[in-house]
Amino acid sequence: MSTLRMNRNKHLFIVVSFLLWFPQFLYVPIFSPYMESLGGKYTFIGIVLSSYGVMQLLCRLPIGIFSDVKKVRKPFIIFGMVGSLFSCMIFLLTDSLGWILAARALAGISAATWVAFTVLYPSYFADHEVHRAMGGISFIVVLAQFLGMSFSGYIVSEWGWKAPFWIAGFFSILGVILSLFIFESKEGIEREPLKVKDLTTVFKEPSLLKVALLSILAHSIIFSTMFGFTSNYALSIGFSASELTLVVFAFMIPHAIATIFMGRVLVPRFGKWNALKTAFFFASVFTLLIPFVHSKELFLAVQIFSGFSLGLIFPLLLGLAIEKITPEKRATAMGAYQAIYAIGIFAGPFFAGIFNSLMGIRVGFYFVGVLGLLATLLILIWGRNQAELAVDKSIEKSKAVAK
């Protein structure tokens, strides 16, 4: 295939990837306040927010396995784009809270097809360029989240609650059309289909399970705060709908910068686990501070540090998830890891919604802040055990040399 045509395929795929995520995050900052305006209680809002994670938990791994068995990716990508479109259409056509729950669950199924995206896109690159490919497509996800969330508050203040869904629907239609033209080789996928024994082996890897548990806690925090109830709290202390854009900027810009800072400064200086422990601790502290903040300026400052801390965590966990997995099983490990951390996308907002409903919106922030402290404690314990294990191995090695 010519270089020109391959570049065109890459660019088209990047655009389609952007159009999967942009519509889904276009309404995220106003989603909880929107449901509250329709009479939704915090418990129900938590259920709706958590449904997004439930469907990813249930569907992500089966989609990956079925895609491997059928040895095709494109049909699953088209399915994901269509699911995203129907989700937006439901939001547009009804104010029923029951249908809103269904629409958000459908968005979760759409998001679960991301597994197929992350397998097909690297096939456009040579083997030695795969990491660059994954870095590029990961940046597109962050860009779609940032751009989508940045303007939703302004859109609502100018044109009303339904406006973000109209715009999301338009971009979803465009995404469906363009997805029909993405390229997938007719020669099929050379990789062997996923075997049950491979999945069992991956799930038995202690390092993966530890990192997956930490990722559950991290996703619980971010989907209960910035992607959950932070907007509700901001509105309660005097922010207008249009000013939610400032909240998104304050969180998301440091969130993106942290990924560069993490690799170039924090990890080389402190090591991966120490860096992760520090990031979780500060993410917890700044989450716990939110209920004590009543001024706009201080609230934005807290969001800056919270976004930066959480931005350090996710790329660290992503690398740790597969570093001890053999190369031929890393795709399986990544699928398992993504399916497991979806528990956090579900559990965090679900329980935060219950606590908010029973005891007030501040309690949800206390809840996920404590989860951050729990993660910090677990890293301390595991780090101590790893250090002791390293000392034991060193002693055994010294005895072996002495003999």
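No experiment lies behind these values; they were computed from the predicted model shown.

### Considering the overall build of the protein
- Summing up its helical and strand segments, the protein has 15 helices and zero strands in all.
- By the burial criterion, 53% of the 403 residues in the protein qualify as buried.
- Residue pairs in contact within the protein that sit at least 24 positions apart in sequence constitute 85% of those at least 6 positions apart.
- Carbon and sulfur atoms provide 69% of the accessible area of the protein, an area that totals close to 18,200 Å².

### Quick look at the pattern of salt bridges
- Considering all chains together, one arrives at two salt bridges under this definition.
- With a shortest N-O distance of 3.1 Å, Glu243 and Lys296 are connected by a salt bridge. Here Glu243 is found in the loop between helix H10 (206-236) and helix H11 (244-270), whereas its partner Lys296 is found in helix H13 (residues 296-322), with 53 residues between them in sequence.
- For Lys296, a relative accessible area of 28% translates into the label partly exposed.

### Notes on the confidence of the model for the protein
- The predicted model of the protein averages 84 in pLDDT, with 85% of residues at 70 or higher.
- Considering each helix and strand of the protein separately, the mean pLDDT is smallest for helix H9 (residues 196-203), with a value of 66, and largest for helix H8 (residues 163-179), with 95.
- Contacts from residues 388-392, a stretch scored under 50 in pLDDT, to residues over four places away or in other chains number zero contacts.

### Looking at the packing of helix H4 (residues 74-93) against H8
- Look at H4 against H8: their axes get within 9 Å of each other, and the N-to-C directions meet at 160 degrees. Between H4 and H8, the interaxial angle falls into the category roughly antiparallel. For H4 against H8, the interelement crossing comes out left-handed. Residues Lys74, Ile78, Met81, Val82, Ser84, Leu85, Cys88, Met89, Phe91 and Leu92 of H4 form the contact with H8, whose own contacting residues are Phe165, Trp166, Ala168, Gly169, Ser172, Ile173, Gly175, Val176 and Ser179.

### Observations regarding a nonpolar patch on the surface
- A cluster of nonpolar side chains, namely Ile173, Ile177, Leu180 and Phe181, defines an oily patch on the protein surface of about 400 Å² accessible area.
- Of note, Leu180 is situated in the loop between H8 and H9.
- For Leu180, a relative accessible area of 46% translates into the label partly exposed.

### Some thoughts on the environment of Leu61
- Among the secondary structure elements, Leu61 is positioned in helix H3 (residues 42-70).
- Overall, the relative accessible area of 18% leaves Leu61 in the buried class.
- C-alpha of Leu61 to C-alpha of Gln338: the two residues are 277 residues apart in sequence and 8.1 Å apart in space.

### Examining the nonpolar core
- Within the largest apolar cluster, 121 residues are counted, with the highest numbers of intra-cluster contacts made by Phe13, Trp21, Phe31, Leu214, Leu276, Phe299 and Ile313.
- Those residues in contact with Ile313, other than ones at most four positions away along the chain, are Ala218, Leu276, Ala279, Phe280 and Ala283.

### Some words on the packing of helix H1 (residues 3-26) against helix H5 (residues 97-112)
- Orientation of H1 relative to H5, taken along the N-to-C sense of each, is 155 degrees, at an axis distance of 11 Å. In terms of orientation, H1 and H5 fall into the roughly antiparallel class. The crossing of H1 and H5 is left-handed. Across the interface between the two elements, Leu20, Trp21 and Gln24 of H1 pack against Arg104, Ala107, Ser110 and Ala111 of H5.
- For the contact of H1 with H5, a count of residues per class yields four nonpolar, two polar and one charged.

### Some words on the environment of Pro29
- Mapped onto the elements of the fold, Pro29 is located in helix H2 (residues 28-37).
- Taking relative accessible area as the criterion, Pro29 reaches 1% and is therefore assigned buried.
- As for Pro29 and Ser152, which are separated by 123 residues in sequence, their C-alpha atoms are 6.7 Å apart.
- Non-local contacts of Pro29, meaning those with residues more than four positions away in its chain, are made with Met149, Ser152, Ser231, Leu244 and Val248.

### What about the packing of aromatic side chains?
- One pass over the structure, following the stated rule, counts 37 aromatic pairs.
- Among the aromatic side chains, those forming a connected cluster through ring pairs are Phe13, Trp21, Phe25, Tyr52, Trp114, Phe117, Tyr121, Tyr124, Phe183, Phe223 and Phe227.
- Sitting over the ring of Tyr52, Arg104 keeps its end group 3.9 Å from the ring centre.
- The ring of Phe239 carries Lys296 above its face, with NZ or CZ at 5.7 Å from the centroid.

### Some details on the side chain of Ser172
- For Ser172, the position within the fold is in helix H8.
- If we skip the residues at most four places from it in the chain, Ser172 touches Pro23, Ser84, Leu85 and Cys88.

### Quick notes on the side chain of His255
- With respect to the secondary-structure elements, His255 resides in helix H11.
- For His255, the contacting residues outside a window of four places in its chain are Ile222, Gly307, Phe308, Leu310, Gly311 and Phe314.

Conventions we followed
- Residues numbered from 1 in each chain as written.
- Predicted model: local features only at pLDDT ≥ 70, side-chain atom pairs only at ≥ 80, totals over all residues.
- Heavy atoms only, no water.
- Helix = DSSP H or I, 4+ residues; strand = E, 2+ residues; numbered from the N terminus.
- Buried < 20%, exposed > 50% of the residue type's maximum accessible area, 1.4 Å probe, protein only.
- Contact = heavy atoms within 4.5 Å.
- Areas by Shrake-Rupley, 256 points an atom, 1.4 Å probe, with all protein chains shown as cover.
- Salt bridge = Lys/Arg side-chain N within 4 Å of Asp/Glu carboxyl O.
- pLDDT = per-residue confidence, 0-100.
- Axes fitted to C-alpha atoms, helices over the stretch in contact; angles between N-to-C directions.
- Parallel < 35°, antiparallel > 145°, perpendicular 65-115°, else oblique.
- Left-handed = near helix turned anticlockwise from the far one by under 90°.
- Patch = residues over 30% accessible without salt bridge, like charges linked within 9 Å, V, L, I, M, F, W, Y side chains within 5 Å.
- Core = buried A, V, L, I, M, F, W, Y, C linked by side-chain atoms within 4.5 Å.
- Nonpolar A, V, L, I, M, F, W, Y, C, P; charged D, E, K, R; others polar.
- Phe/Tyr/Trp six-rings, centres within 6.5 Å; stacked < 30°, edge-to-face > 60°.
- Lys NZ or Arg CZ within 6 Å of the ring centre and 35° of its normal.

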